[in-house]
Amino acid sequence: ACIGQRAGKSITTAMLCSYSTHMFLKLQRPTEVFGLLRDSILTGTVVGLTFKRAFNLLWMPFHNMLESSPWFKEYHAMLDFYSEKYGEELYKFKDIFIQYKHRNMYYYVSGPSKRTLRGDTRVLAATDEVGWFPYGEESEERERQSANGVYDALDRSLSNVRSAAHNLIMQGRNVPMALAF
């Protein structure tokens, strides 16, 4: 979507990201559902023109929704109970990342860099203010904020889960799709 200023894009993105996270957490073994190796890590990444802007405009609304949502409050309380019962930390809910160890899921905030955004197997990618990223001919000094480079790195990292989800949906299975916002 291409929506104007003050229209609620960031908060809407945070809501969609929290719902997507909820859907993937409901899968018992998400990596195996999508035909990935059991120890694969599924990531979700929010990116902005700078780390600070990504943190303030996308990450904090997303983080706050997970922290205040009744479903996530109950889910985290359940994980706390079983963490204590079995003496094993099942999740980490930190300022700049969230890790659900029992589901091999890791969500984090990042600044723009087509190099460091490569390699992850993502279920979620959100980019804020991509229209302000430099566009066109790239140079070494503009590499970090290349709109094409960041978009391509994120989009390609969603392809494994998207492809598997598409095949499962075509077979009649109800699974979440890897999404980009």
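The structure this text deals with has already been given above.
What you are looking at is a predicted structure, and each value in this text was computed from that prediction instead of being measured. (Residues numbered from 1 in each chain as written. Predicted model: local features only at pLDDT ≥ 70, side-chain atom pairs only at ≥ 80, totals over all residues. Heavy atoms only, no water.)

(A) View of the pairing of strand 4 (residues 105–110). A large share of strand 4 lies buried, amounting to five of its six residues. Pairing between strand 1 (residues 42–47) and strand 4: six bridges, direction parallel. Among the inter-strand pairings, Leu42 is bridged to a residue of strand 4, identified as Met105. Where strand 3 (residues 97–100) meets strand 4, four bridges bridge the pair, whose relative direction is antiparallel. When the bridges of strand 4 are listed, Phe97 appears paired with Tyr108. Between the antiparallel neighbours strand 3 and strand 4 lie four residues, among them Asn104 with a positive phi of about 55°. (Buried < 20%, exposed > 50% of the residue type's maximum accessible area, 1.4 Å probe, protein only. Helix = DSSP H or I, 4+ residues; strand = E, 2+ residues; numbered from the N terminus. Pairing = 2+ DSSP bridges.)

(B) Quick peek at a nonpolar patch on the surface. Taken together, the side chains of Met78, Phe81, Tyr82 and Tyr86 make up a nonpolar region of the molecular surface, amounting to roughly 440 Å² of accessible area. Here Tyr82 is to be found in helix 4 (residues 70–86). (Patch = residues over 30% accessible without salt bridge, like charges linked within 9 Å, V, L, I, M, F, W, Y side chains within 5 Å. Areas by Shrake-Rupley, 256 points an atom, 1.4 Å probe, with all protein chains shown as cover. Salt bridge = Lys/Arg side-chain N within 4 Å of Asp/Glu carboxyl O.)

(C) Examining the sheet that holds strand 3 more closely. Spatially, the six strands line up as an open sheet ordered 2-3-4-1-5-6, and their pairing is mixed. The open sheet has two free edges, formed respectively by strand 2 (91–93) and strand 6 (179–180), since each of these has just one partner strand. In the sheet, strand 5 (residues 121–127) pairs with strand 6 via two bridges, with the strands oriented parallel. Of the residues in strand 6, the one forming a bridge with Ala125 is Ala180. Of the strands in this sheet, strand 1 and strand 5 touch helix 5 (residues 147–157), which is tilted by about 145° from strand 5. (Contact = heavy atoms within 4.5 Å. Axes fitted to C-alpha atoms, helices over the stretch in contact; angles between N-to-C directions.)

(D) Fine view of the nonpolar core. With 47 residues, the main nonpolar core has Phe34, Trp59, Phe62, Tyr100, Tyr107 and Val161 as its most contacted residues. Considering each element in turn, this core owes the most residues, seven residues, to helix 3 (residues 51–68). The residues contacting Val161, other than those within four sequence positions of it, are Phe24, Phe34, Leu36, Leu42, Thr121, Arg122, Val123 and Ala178. (Core = buried A, V, L, I, M, F, W, Y, C linked by side-chain atoms within 4.5 Å.)

(E) Region of the structure containing the pattern of salt bridges. One pass over the structure, following the stated rule, counts four salt bridges. Here Asp155 and Arg162 are joined by a salt bridge, their closest N and O atoms 2.9 Å apart. By relative accessible area, which is 26% here, Asp155 ends up partly exposed. Overall, Arg162 belongs to the partly exposed group, its relative accessible area being 26%.

(F) Region of interest: the environment of Arg53. Within the element layout of this structure, Arg53 appears in helix 3. Distance in space between the C-alpha atoms of Arg53 and Leu16 is 19 Å, their sequence separation being 37 residues. Beyond its immediate sequence surroundings of up to four residues, Arg53 is in contact with Leu58 and Glu129.

(G) Geometry of helix 5. Those residues of helix 5 that fall on the buried side of the exposure criterion are Ala147, Gly149, Val150, Ala153, Leu154 and Ser157. Next to the buried residues of helix 5 lie strand 1, strand 5 and helix 6 (159–170).

(H) Quick peek at the packing of aromatic side chains. For the coordinates displayed, the defined rule picks out 12 aromatic pairs. Each ring, one from Tyr91 and one from Tyr100, has its centre 6.2 Å from the other, and the planes form 15°; the classification is stacked. There is no split in this pair, since Tyr91 and Tyr100 are both buried. Members of the aromatic cluster, each reached through a chain of ring pairs, are Trp71, Phe72, Tyr75, Tyr91 and Tyr100. (Phe/Tyr/Trp six-rings, centres within 6.5 Å; stacked < 30°, edge-to-face > 60°.)

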